[in-house]
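A closer look at the structure
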Amino acid sequence: MTRKLLSFNTVNPPGNEEKIAKFVGGLLAGQGFKIEYPVFEDNRLHLIAEKGLSSRRPPIVLSGHFDTVPLGKKSWSFDPFTGEVNDGRILGRGSSDMKGGLAAMILASIEAFIETPPAGGIRLIFSAGEELGCQGVSKLIKEKSGLGEASAIIVGEPTANLPVTGHKGALYLKAITSGKTAHSSMPELGVNAIYKAARSIMKIMDFNFEAKADPLLGYPTLNVGTISGGMNINSIPDHAEFTIDIRSTTKVDHSKILNKFKREIGDETVIETLVDLRPVFTSENDPFVQIVYDVCKVERMRNEFPKALPYLTDGAVLQKFYNDAPTVILGPGQPEMAHQIDEFCYLDKLAQAVNIYKNIILKWK
């Protein structure tokens, strides 16, 4: 199953998730799942698959995404789209992030109904357009009715089958400065937009979030990731822009961060919000987390638990949409392989993930 999913080139951009969505949907329809293909963009579809839903209890939601990041500029040691198997590993773009997780979720969902119909049923939400800030699922929940409720959520991102109960949120911003163009030999006739951007960046280098430490997620962070501006070397630039990536915790409020940020950066810079996603967090004491820990054979009170992730997932959107349903990030992929050249996933992790997902589904009463 993983090899088949890897054969679909869903590098984002452009994504082109329609074909893989139709393949998975056709497979699940043959197993009695109700299928929908909400449109994200041209040639880009989400997949929603449901089975066994009941009015007595909300279903468990299994979340994943079809798209992958680009291959990178370095050459791969193998074809990234054939799913070559070598030395106990399956190789390819998306093997860890996260087509291996999708394959395990698909098979676990089918097998769960072969054994015992799970209480409340199952809803699979496989999204297009996750890799650039969860835009796909964000658009989906705004435009799609009938997504119902959820008793719990599993996000199949790579964790090496170790359950994770939280990750930081994200506030992505674009900052724009404007000036007046002139010949570079007469700078007194112009206004340099790049200088404005530079002054603004210096003001936020040591931005104080005024935040207490989050026991799981630590402290919020800020990074200026890109900057651009100017037409050529001998003109005063009349436009510049840069992007800011803020990673947040449960101890800060995005609106308050944004207001403080705008005050400190000043009027000469215009701020636009690109992505606004809150952190994911579920208490270890939640009954769903306890079941997940039992299935994954997690020893209570071990120092490495609870675990948090450094990256974003669709769980940031879905947990909020589903009224803070308990959410666990859990998948067979290797976290360190995400977005890497020569990406791989261990075969034994794939097999383990099928059983882990199936047992969680069946035990979540």
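Definitions and cut-offs
Residues numbered from 1 in each chain as written. Predicted model: local features only at pLDDT ≥ 70, side-chain atom pairs only at ≥ 80, totals over all residues. Heavy atoms only, no water. Helix = DSSP H or I, 4+ residues; strand = E, 2+ residues; numbered from the N terminus. Rg over C-alpha atoms; globule rule 2.2 N^0.38 Å. Buried < 20%, exposed > 50% of the residue type's maximum accessible area, 1.4 Å probe, protein only. Contact = heavy atoms within 4.5 Å. Phe/Tyr/Trp six-rings, centres within 6.5 Å; stacked < 30°, edge-to-face > 60°. Pairing = 2+ DSSP bridges. Axes fitted to C-alpha atoms, helices over the stretch in contact; angles between N-to-C directions. Polar contact = N/O pair within 3.5 Å; in protein donor to acceptor, adjacent residues only side chain to side chain. Parallel < 35°, antiparallel > 145°, perpendicular 65-115°, else oblique. Left-handed = near helix turned anticlockwise from the far one by under 90°. Nonpolar A, V, L, I, M, F, W, Y, C, P; charged D, E, K, R; others polar.

**Let's talk about the overall build of the chain**
Scanning the chain from terminus to terminus reveals nine helices and 17 strands. The C-alpha atoms of the chain give a radius of gyration of 23 Å, which matches the 21 Å a tight globule of 365 residues would have. For the chain, the proportion of its 365 residues judged to be buried stands at 54%. Taking as baseline every contact in the chain between residues at least 6 positions apart, the subset at least 24 positions apart corresponds to 79%.

**Digging into the packing of aromatic side chains**
What the rule picks out here adds up to ten aromatic pairs. Their ring planes at 80° and their centres at 4.9 Å tell us that Phe207 and Phe209 sit as a pair that is edge-to-face. An identical accessibility class is assigned to Phe207 and Phe209; each is buried. Chaining the aromatic ring pairs together yields one cluster made of Phe207, Phe209 and Phe261.

**Notes on the sheet that holds strand E9 (residues 152–155)**
One open sheet holds the six strands; their spatial order is E1-E4-E8-E5-E9-E16, and the pairing between them is mixed. Of all the strands in the sheet, the pair left with one neighbour each is strand E1 (34–36) and strand E16 (327–329). Strand-to-strand twist in this sheet, taken as the mean axis angle between neighbours without regard to direction, amounts to 15°. Sheet topology places E1 next to strand E4 (residues 47–51); three bridges connect them, and they run antiparallel. Paired with Glu36 across the bridge in E4 is Ile48.

**Some words on the side chain of Arg123**
When you line up the elements, Arg123 lands in strand E8 (residues 122–127). From its side chain, Arg123 meets the backbone oxygen of Leu147 in a polar contact 2.9 Å long. Here Arg123 is in contact with Ile48, Ala49, Glu50, Leu53, Pro59, Ile60, Val61, Leu62, Leu147, Gly148, Glu149 and Tyr322, once residues within four sequence places are set aside.

**Describing the sheet that holds strand E12 (residues 221–229)**
If you walk across this open sheet you meet the four strands as E12-E13-E11-E14, and the pairing is antiparallel. Two strands lie at the open edges of the sheet, namely E12 and strand E14 (269–277), each paired on one side alone. Neighbour-to-neighbour, the strand axes of the sheet open up by a mean angle of 20°, direction not taken into account. Sheet analysis places strand E11 (residues 169–178) next to E14, joined by eight bridges and oriented antiparallel. Paired with Leu173 across the bridge in E14 is Thr273.

**Structural notes on the packing of helix H7 (residues 287–295) against helix H9 (residues 347–363)**
At a minimum axis distance of 10 Å, the contact between H7 and H9 shows a crossing angle of 140°. With respect to each other, H7 and H9 are oriented oblique. Helix-helix and strand crossings are classified by hand; for H7 and H9 the assignment is right-handed. On H9, the residues touching Phe288, Ile291, Val292 and Val295 of H7 are Ile356, Asn359, Ile360 and Lys363. Split by residue class, the contact of H7 with H9 holds six nonpolar, one polar and one charged.

**Some points on the environment of Gly83**
Relative to the helices and strands, Gly83 resides in the loop between strand E5 (60–65) and strand E6 (85–86). Accessibility expressed as a relative area gives 0% for Gly83, which makes it buried. Along the backbone, Gly83 and Ile114 are 31 residues apart, and their C-alpha atoms lie at a distance of 28 Å.

**Remarks on unusual backbone geometry**
At the junction of Asp97 and Met98, the peptide bond is cis and its omega measures out at -10° in the coordinates. With respect to the helices, strands and loops of the structure, Met98 is situated in helix H3 (residues 95–115). Residue Pro306 follows Phe305 across a cis peptide bond; omega there is 0°. Looking at where Pro306 falls in the secondary structure, it is placed in the loop between H7 and helix H8 (315–321). Positioned with a positive phi, Lys297 is a non-glycine residue whose angle comes to about 60°. Structurally, the position occupied by Lys297 is in the loop between H7 and H8. Judged by relative accessible area, which is 70%, Lys297 ranks as exposed.

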